[in-house]
Every structure is written in C-alpha cells, then in structure tokens.
Amino acid sequence: MPKKVLFINQEIAPYVPDSEMSILGKLLPQAIQERGYEIRTFMPKWGMINERRGQLHEVIRLSGMNLIIDDTDHPLIIKVASIPVSRIQVYFIDNDDYFQKRKMEEDESGEEYADNGERAIFFARGVLETVKKLRWIPDIIICQGWMSAVVPLYIKTAYHEEPSFANAKVVTSLFAKQLKNDLGTNFKRSLEFRDAKPSLLSSYSDDFNFLELGKLAIDYSDGIVEAGSDVNASLLSYAKEKGLPIMNYPGSENYADAYVEFYEKILGE
C-alpha cells in the first residue's frame, strides 16, 4: 500500500502568481506522487482565481455542509481542477463570504482583511471535513502557509478520534511570507470547536499575530520544514527549543528526495 500524503497549501501556481510558496505548492506534490506516494492537494479558492481559465467545477457531492464559526453559518463549497501538464488534481475550498471576490491576505488597496483569522479557520475545517467525506486516510499531512496554521491544532484535538486523522503525522512548512496585522480579538473564540477548547490557547497572546500563529502550528506538529530561503528566525528557534525534527532548507532545485527522506523519518518515529 502506498503511503498517503495530504498537502494543505495556501498557494499553488498557476492559480495564483508565482512565489516561492506557490511554485513549491505546484511542484512538490507532483514530485512526491512520482516517487510512489498517493496524494491529495487542497488550497483556498481565492477570489482572483479565474474559474473558467482554470477549468474549476463544483463537486456537488462534497459541497453543501455549513460550518459554524463564531455563531455564524458559512456554507462550504468544494471545487476541483487539474493542474495543466502534470494533471495533479487540486481541491479548492470556497465560500461566498470568505473567498468570492476577495484576494489573498490583502484587498486591492493593500489592506489586510480583518477576518483573515476566520478565513484560516474556515479553510482548515473545510479541508478536514472534505477529506472525511472522501473516506481517505492520510499518513502524513503537510501544512504550507499561514492559512493552514490552525490545521495541526485541529488534527491533534478536535479531529483526533476521527478515523481519517487518528494516526496521521503533521508537518508544518515555514515560509518567509507573513501577515503584518494581528487576527483580531475574536480569533481564539472563533477557533473553538469540539476538543479545541479556548483553554488550550491561554498561553498565547490574545492578539494573535503571525508569530503566535506560527507557534500554534509548531506546538501541534510532529516535524518542521524550513521551506523557504528567508524563514522567520524566531519561529525556527522556537521549533528547535521544542526538540522537533527539523528539515533545513534544501534549496530550490532537486529537493524532492530530501522531502521524501524527511517524511519517512517522521512516519517512522
């Protein structure tokens, strides 16, 4: 049986502009699949993604669930497309309030969205609920970008008894890209779901910023990847203090074997 790898990506080229994160989001799943692993890949359906050009279509059987965040219902819409040439399938998490007609972390004037925290929570829960519906059981879950930073917490608390995730290992990939503003005073409250209780967040600052979000991801991960060339030094130090396995930046070429070796190390522990 091939090992199963779930990629939860903030950015994947060509659906969003090229960046260190989006290019890796495109190439790494393909390279891992070519080495004999079974993969699934998810990303947010950012508003600037051209659905017609990208040939996205809604998956009716996976859509239709409502996710309650901070006492408000938000319908979950799942779309799917295949990356040209590689034919890697990508599942998109969509919602009218959080993603339609809205860019990534900033609006047209360069202002960060005030509800970025809620968007990350919706994305995380949307991915995990969809994986459950797919009846797919990943061995290892790779989280890339701040949008996926609450996934490790949910895997280890709210979803830890779900058959899809009970034995899954979680790896957080750190990149340079960061948020300028904090996520608002309602972030901790919005995060509450099942066993993900507010009491678990008491040691973090009430004003959740990029660093607090990174610490949260690290605290509930089984391994850390220095995935970019200019990763936040304090987050790397934090991971080292935790004694977590860390994969140092492997460079931008011929990195796939280093990732495979690291994933196998995490799965073996």
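Scroll up a little and you will see the structure.
Our subject in this report is the structure included herewith. (Residues numbered from 1 in each chain as written. Predicted model: local features only at pLDDT ≥ 70, side-chain atom pairs only at ≥ 80, totals over all residues. Heavy atoms only, no water.)

So, on to the overall build of the protein chain. Per the secondary structure count, the protein chain includes eight helices and eleven strands. Computed over its C-alpha atoms, the radius of gyration of the protein chain comes to 17 Å, within 12% of the 18 Å expected for a compact globule of 269 residues. The principal-axis extent of the C-alpha atoms belonging to the protein chain is close to 45 × 45 × 40 Å. Split into buried and exposed, the 269 residues of the protein chain put 57% on the buried side. Residue pairs in contact within the protein chain that sit at least 24 positions apart in sequence constitute 69% of those at least 6 positions apart. For the protein chain, the exposed area adds up to about 11700 Å²; of that, 45% sits on carbon and sulfur atoms. (Helix = DSSP H or I, 4+ residues; strand = E, 2+ residues; numbered from the N terminus. Rg over C-alpha atoms; globule rule 2.2 N^0.38 Å. Buried < 20%, exposed > 50% of the residue type's maximum accessible area, 1.4 Å probe, protein only. Contact = heavy atoms within 4.5 Å. Areas by Shrake-Rupley, 256 points an atom, 1.4 Å probe, with all protein chains shown as cover.)

With that settled, the discussion passes to the nonpolar core. Of all hydrophobic cores here, the largest spans 97 residues; its most connected members are Y15, I32, Y154 and Y259. Sequence-distant contacts of Y259, that is, excluding residues within four places in its chain, are made with L24, L28, I32, V225, A227, M247 and P250. (Core = buried A, V, L, I, M, F, W, Y, C linked by side-chain atoms within 4.5 Å.)

Ordered by their spatial adjacency, nine strands build an open sheet running β3-β6-β7-β2-β1-β8-β9-β10-β11, and the pairing between neighbours is mixed. For this open sheet the edge positions go to β3 (57-58) and β11 (246-247), each flanked by a neighbour on one side alone. Two strands pair when backbone bridges link them, and strand β2 (residues 38-44) and strand β7 (residues 89-94) are joined in this way by three bridges, in the parallel orientation. Paired with M43 across the two strands is F92, which belongs to β7. (Pairing = 2+ DSSP bridges.)

Moving on, we get to helix α7 (residues 233-241). When we look at burial in α7, the residues that qualify are L235, L236, Y238 and A239. Along the long axis of α7, the arc covered by the buried residues comes to 160°, so they all point the same way. Away from its buried face, by an angle of more than 90 degrees, α7 presents the exposed residues A233, K240 and E241. Buried residues belonging to α7 abut β9 (169-174), α6 (210-219), β10 (223-226) and β11. In the segment just after α7, G243 is the residue with positive phi, at about 75°. (Arc of directions from axis to C-beta.)

Look at the link from A13 to P14: it is a cis peptide, with omega at 10°. In this structure, P14 sits in the loop between β1 (4-9) and α1 (20-34). The backbone phi angle of D71 is positive, close to 65°, even though this residue is not glycine. For D71, the position within the fold is in the loop between β4 (66-69) and β5 (72-75).

Turning our attention to the packing of aromatic side chains. One pass over the structure, following the stated rule, counts 13 aromatic pairs. Ring centres of F42 and Y91 lie 5.0 Å apart, and the angle between their planes is 20°; on these two criteria the pair is classed as stacked. Taken together, the residues F42 in strand β2 and Y91 in strand β7 connect sequence positions 49 residues apart. Of the two residues, F42 and Y91, neither departs from the other in class, the shared state being buried. Between Y154 and Y159, the aromatic rings sit 6.4 Å apart at their centres with planes inclined by 70°, giving edge-to-face as the arrangement. Side by side, Y154 and Y159 carry an identical accessibility label, which is buried. One aromatic cluster in this structure is built from W46, Y98, F99 and F122. It is R194 that lies over the ring of Y159; its NZ or CZ is 4.9 Å from the centre. (Phe/Tyr/Trp six-rings, centres within 6.5 Å; stacked < 30°, edge-to-face > 60°. Lys NZ or Arg CZ within 6 Å of the ring centre and 35° of its normal.)

Right, let's get into the pairing of β1. Within β1, six of the six residues are buried, which leaves it mostly tucked inside the rest of the structure. Across the two faces of β1 the burial is the same, with K4, L6 and I8 and V5, F7 and N9 all buried. Inspection of the sheet shows β1 paired to β2 by five bridges, in the parallel sense. Looking at the pairing, K4 lines up with E38 of β2. Traced from β1 through α1 to β2, the parallel crossover comes out right-handed. Relative to strand β8 (residues 140-144), β1 runs parallel, the two sharing five bridges. Bridging across to β8, V5 finds its partner in I140. (Right-handed = clockwise from strand over helix to strand, strands pointing away.)

Shape descriptors only; they carry no functional weight alone.
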